[in-house]
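# Overview (structure and organization)
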Amino acid sequence: MRLSDESQQFFMATRVGPPSESAGGAADAAGGSGPYRQGEDGEASMRTKAILFGSDFDAPLPFREVFAREFPELDFRIWPDAGRVEDIEYALIWKIDDGVLRTLPNLRAILALGAGVDQILKDPAFPAHVVLYRLLDAGLAAQMSEYAIHAVLDVHRRMAEYRAQQRRREWRRLDAVHPSERTVGVMGLGVLGADLARKLSVLGFRTIGWSRTPKSLDGVGCFYGEGGMAEFLGRSEITVVLLPLTPETQGIINSKTLRQLPRGAAIVNIARGGHVVEADLLAALDSGHLSRAVLDVFHDEPLADDHPFWTHPRVVVTPHIAAQPIAELAMQQILETLRRLEAGETPMGRVDPAIGY
Ligand code: NAP
Ligand code: GLV
């Protein structure tokens, strides 16, 4: 949202200078860095509207620059310098320390800097009355599908075996399987999973998907709910996990579900580490029931130096890079969400904290 020149002049006229220039104002004391207005009694009593940025992943300064231009009426504060907590109406976060959101009495909306929001909802003091919006695609879907297709083709075309043969200078042709004879299963048919399933189907794979509620996607055999899970898993030779991490999906890849996959199956986890019971996955790989695990996400990130995944011959590790929001697309979406909130309209991407996504 751009302010007209007139309203910008008005806005500037109401400024009394940054808190650091004032003598002991409340915002100053609290470490605030933005404008505030003086009340009749000379106290800093009128609230400035502010947005609190919190991320250990995204650099704040490009956001601050864009907000200064697009929402000059919003004071941009970077956690932990929250300033007067009463001013904060919006939080723009990847994640923030547990309990912080609860201390913001006038918080109206939380805008997540990611597609997944488990890292926000895990806060036991998450203020469930505050609306939460997440990123929808923002450049993630194309990258996720690229990553997953690369992993699927690597398994399908037996490239690990050819790499091993090359190391031994061994010239040997291995049997090939036509894609129409290979079943690839996608767990989660949301924004990201549906994009992948469609592309796998176009590549000619027998593609199946699993979701919480019934879905219908061209070229994709759709299963849903607990009732559809055993059949889905029983068919899925290469399984890609693209579920949100919720109380229902925590630890969903475990000894029981891994046993339901066909012998020699492969798994690609590009959602969250919490979906996998790591000891069960290692046991399934060691027993040969699972032929390969391509893992982008882990319980504890970064992955510890001594973690067995690093050196396991059947495991591929990447450092949570399957998809990263494209800054410009994410920014457009965030600005549109704020614009709609300020205009009293309904933004896209609302999360239901009761189901966790
Ligand atoms: P989304 O649009 O919310 O889709 C979630 C899908 O999972 C939906 O199809 C949903 O079913 C299904 N689902 C949820 N709970 C389920 C359950 N209990 N049983 C069966 N299906 C269930 O999410 P998205 O935007 O595609 O993102 C998916 C996840 O990818 C994110 O939550 C995040 O964790 C992860 N991610 C990872 C990276 C990375 O770099 N590794 C990057 C971005 C995102 P319904 O369709 O029935 O609702
Ligand atoms: C990244 O992991 C995201 O959830 O956007």
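Quick note: structure is the one above.
Throughout what follows, the structure given in this document is the object of discussion. Since the model is a prediction, treat every value here as computed from it, not as a measurement.

Moving on to the site of ligand 1. Around ligand 1 sit 30 residues in total, of which Gly116, Gly188, Gly190, Leu192 and Pro244 are the nearest. If you tally residues by element for the shell around ligand 1, the top one is helix 7 (residues 191–202), at three residues. Of the residues assigned to the shell around ligand 1, the class counts are 16 nonpolar, nine polar and five charged.

To continue, consider the nonpolar core. Formed by 86 residues in total, the largest nonpolar core has its most connected members in Leu92, Ala112, Met144, Leu242, Val268 and Ile270. A per-element tally of this core places helix 5 (residues 140–156) first, with eight residues. Looking at which domains feed residues into this core, each of domain 1 (5–138 + 325–342) and domain 2 (140–317) supplies at least three. Other than its neighbours up to four places away in sequence, Ile270 contacts Met144, Tyr147, Ala148, Val240, Val241, Leu242, Asp296, Val297 and Ala322.

Examined against the element boundaries, Met144 turns out to sit in helix 5. By the C-beta count within 10 Å, which is 24 here, Met144 ends up buried. Along the sequence, Met144 and Asp195 sit 51 residues apart, while their C-alpha atoms lie 8.7 Å from each other.

Before going further, it helps to spend a moment on the pairing of strand 6 (residues 183–187). For a regular strand, the rule is simple: side chains alternate between the two faces of the sheet. Burial of strand 6 is extensive: five of the five residues sit out of reach of the surface. As paired strands, strand 6 and strand 7 (residues 206–211) are joined by five bridges and run parallel to one another. By the bridge assignment, Gly185 is partnered in strand 7 with Ile208. For the segment spanning strand 6, helix 7 and strand 7, crossover handedness is right-handed. Summarising the sheet, strand 6 and strand 9 (residues 238–241) pair through four bridges and their orientation is parallel. Each residue of the ladder has a partner; that of Gly185, found in strand 9, is Thr239.

Here we take up the environment of Glu73. Among the structural elements, Glu73 can be located in the loop between helix 3 (60–70) and strand 2 (75–78). Judged by local crowding, Glu73 falls into the partly exposed class, with 15 C-beta atoms found within 10 Å. Remark: the alpha-carbon pair of Glu73 and Lys49, spanning 24 residues in sequence, is separated by 6.9 Å.

So, how was this worked out
Residues numbered from 1 in each chain as written. Chains lettered and ligands numbered in written order. Predicted model: local features only at pLDDT ≥ 70, side-chain atom pairs only at ≥ 80, totals over all residues. Near = placed C-beta within 6 Å. Helix = DSSP H or I, 4+ residues; strand = E, 2+ residues; numbered from the N terminus. Nonpolar A, V, L, I, M, F, W, Y, C, P; charged D, E, K, R; others polar. Core = buried A, V, L, I, M, F, W, Y, C linked by C-beta atoms within 7 Å. Buried ≥ 20, exposed ≤ 12 C-beta atoms within 10 Å, placed from the backbone. Domains from an automatic or database assignment. Contact = placed C-beta atoms within 7 Å. Pairing = 2+ DSSP bridges. Right-handed = clockwise from strand over helix to strand, strands pointing away.

The quantities given are spatial measurements derived from coordinates; they are silent on function.
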